[in-house]
Each structure stands twice: as C-alpha cells, then as structure tokens.
Amino acid sequence: MDRLVSAWRKERPDLDVSPLEVLSRISRLSKHLERERRAAFAAHGIESWEFDVLTALRKAGEPYEMSPGALLRATLVTSGTMTNRINRLVTAGLVTRHPDPEDRRGVLVRLTPAGMERVDAALADLLRREQELLAGLDQEERRALADLLRRLLIPLDSSEGGTR
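Residues numbered from 1 in each chain as written. Predicted model: local features only at pLDDT ≥ 70, side-chain atom pairs only at ≥ 80, totals over all residues. Heavy atoms only, no water.

### Focus: the pattern of salt bridges
Applying the stated criterion across every chain yields a total of 13 salt bridges. With a shortest N-O distance of 2.5 Å, Asp-2 and Arg-25 are connected by a salt bridge. Taken as a pair, Asp-2 in helix H1 (residues 2-11) and Arg-25 in helix H2 (residues 18-43) lie far apart in primary sequence, 23 residues in all. We classify Asp-2 as exposed; its relative accessible area is 54%. Given the relative accessible area of 33%, Arg-25 is considered partly exposed. Shared partners join several salt bridges into a network, and the residues in it are Arg-35, Glu-36, Asp-125, Arg-128, Arg-129 and Glu-132. (Salt bridge = Lys/Arg side-chain N within 4 Å of Asp/Glu carboxyl O. Helix = DSSP H or I, 4+ residues; strand = E, 2+ residues; numbered from the N terminus. Buried < 20%, exposed > 50% of the residue type's maximum accessible area, 1.4 Å probe, protein only.)

### Quick look at the packing of H2 against helix H6 (residues 113-133)
Two elements in contact, H2 and H6, have axes whose closest approach is 9 Å; the angle formed by their N-to-C orientations is 150°. As far as their axial angle goes, H6 and H2 are roughly antiparallel. Relative to H6, the crossing made by H2 is right-handed. Listed contacts from H6 to His-32, Leu-33, Glu-36, Arg-37, Ala-39, Ala-40, Phe-41 and Ala-43 of H2 are Ala-122, Asp-125, Leu-126, Arg-129, Glu-130 and Leu-133. For the contact of H2 with H6, the class distribution of residues is 8 nonpolar, 1 polar and 5 charged. (Axes fitted to C-alpha atoms, helices over the stretch in contact; angles between N-to-C directions. Parallel < 35°, antiparallel > 145°, perpendicular 65-115°, else oblique. Left-handed = near helix turned anticlockwise from the far one by under 90°. Contact = heavy atoms within 4.5 Å. Nonpolar A, V, L, I, M, F, W, Y, C, P; charged D, E, K, R; others polar.)

### Structural notes on the UniProt feature "domain: HTH marR-type" (unreviewed entry) in the protein
Here, UniProt's "domain: HTH marR-type" (unreviewed entry) annotation points to residues 19-154. In this annotation, residues 19-154 is assigned 70% helix and 12% strand; the end-to-end C-alpha distance for the span is 18 Å. (UniProt positions renumbered as here; feature names shortened; annotations may be inferred.)

### Points about a nonpolar patch on the surface
Together, Val-22, Leu-23, Ile-26, Leu-145, Leu-149, Leu-152, Leu-153 and Leu-156 make up a nonpolar patch on the protein surface, roughly 630 Å² of accessible area in all. Elements with a minimum of two residues in the nonpolar patch: H2 and helix H7 (139-159). In terms of residue count, the dominant contributor to the nonpolar patch is H7 (5 residues). Mapped onto the elements of the fold, Leu-145 is located in helix H7. (Patch = residues over 30% accessible without salt bridge, like charges linked within 9 Å, V, L, I, M, F, W, Y side chains within 5 Å. Areas by Shrake-Rupley, 256 points an atom, 1.4 Å probe, with all protein chains shown as cover.)

Laid out in structure tokens, this is it:
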C-alpha cells in the first residue's frame, strides 16, 4: 500500500491520494476477512447466507424463532429470496416452520438443535479467525479502530435507510 500511494503521489502530485492510505487498506482487509469467513463457514458446511439467517434466529433468544418478515428485515433481502432461503434451511434440517399462534395466517421460523449446533460452532470458528486477523493490535488499539470505523460508517449507513 505504501508503494502504491507513493507511486500515485509521484505520478499525480496534483491529487490528494490520502484516501488510498485508509480505504485501500480497508478494501484489502475486507478480502482477507471474506476469505476467512468463507473458510470458517465451509468448515461447518454452511454458506454465508445460511450463517446470516441462522445467526439472526440465534440472536433472537429463546425460543430462537422469528417471522419471515422479521428475518428479511434482519438480513436485508427480498421476500422471495428469504422464502427460498427458509425452504433450503428447512430441507437441511437447520430450521423448522410452524404456525404463528398469534396470527392464523402467519408462520414462524425456528432454529432446530442441529441449526443451533451448526451456527454456534461456525461462530466460534469465525471469531477465532477474526481474532487472528486482529492479532497485531492490542485491546486499546482495537477499541480505537472500532470507534473510528463506527464514526466513518454512521453517515453511510444512515443514508442507506438505517444501520444493521
């Protein structure tokens, strides 16, 4: 990155290339993170989208269930996409679908014991891998970086209709 920035400063001294020092590094880090995420999920036989749905249910707490509408809001996908995802997770035995006792027309999606086991194991593996990515920073540096990234993201997330 330093060589890249230096080369651009030499070739285009008329431009402020300082954003590259931050954002190109974030982009590069994102590629490393995505590789680790894929590896963690693959080690547990799930895809990234499955992890998203399963973690939404897991974070919901007992009885680890949500309506399809709440799941699509939590994962920011369309209703057609969510229906397909739920169907695939039901087939895999990771979730069940049952009638909503509060709404005769509604259904609830519930995490199965197999789904709980799978998402918990994948999360633990993912967090171990993410710890390794952050190994060069101490706790204070991690907090400072997290605070700076939060400040950077707040206006961006707000312009997209809210934060996750």
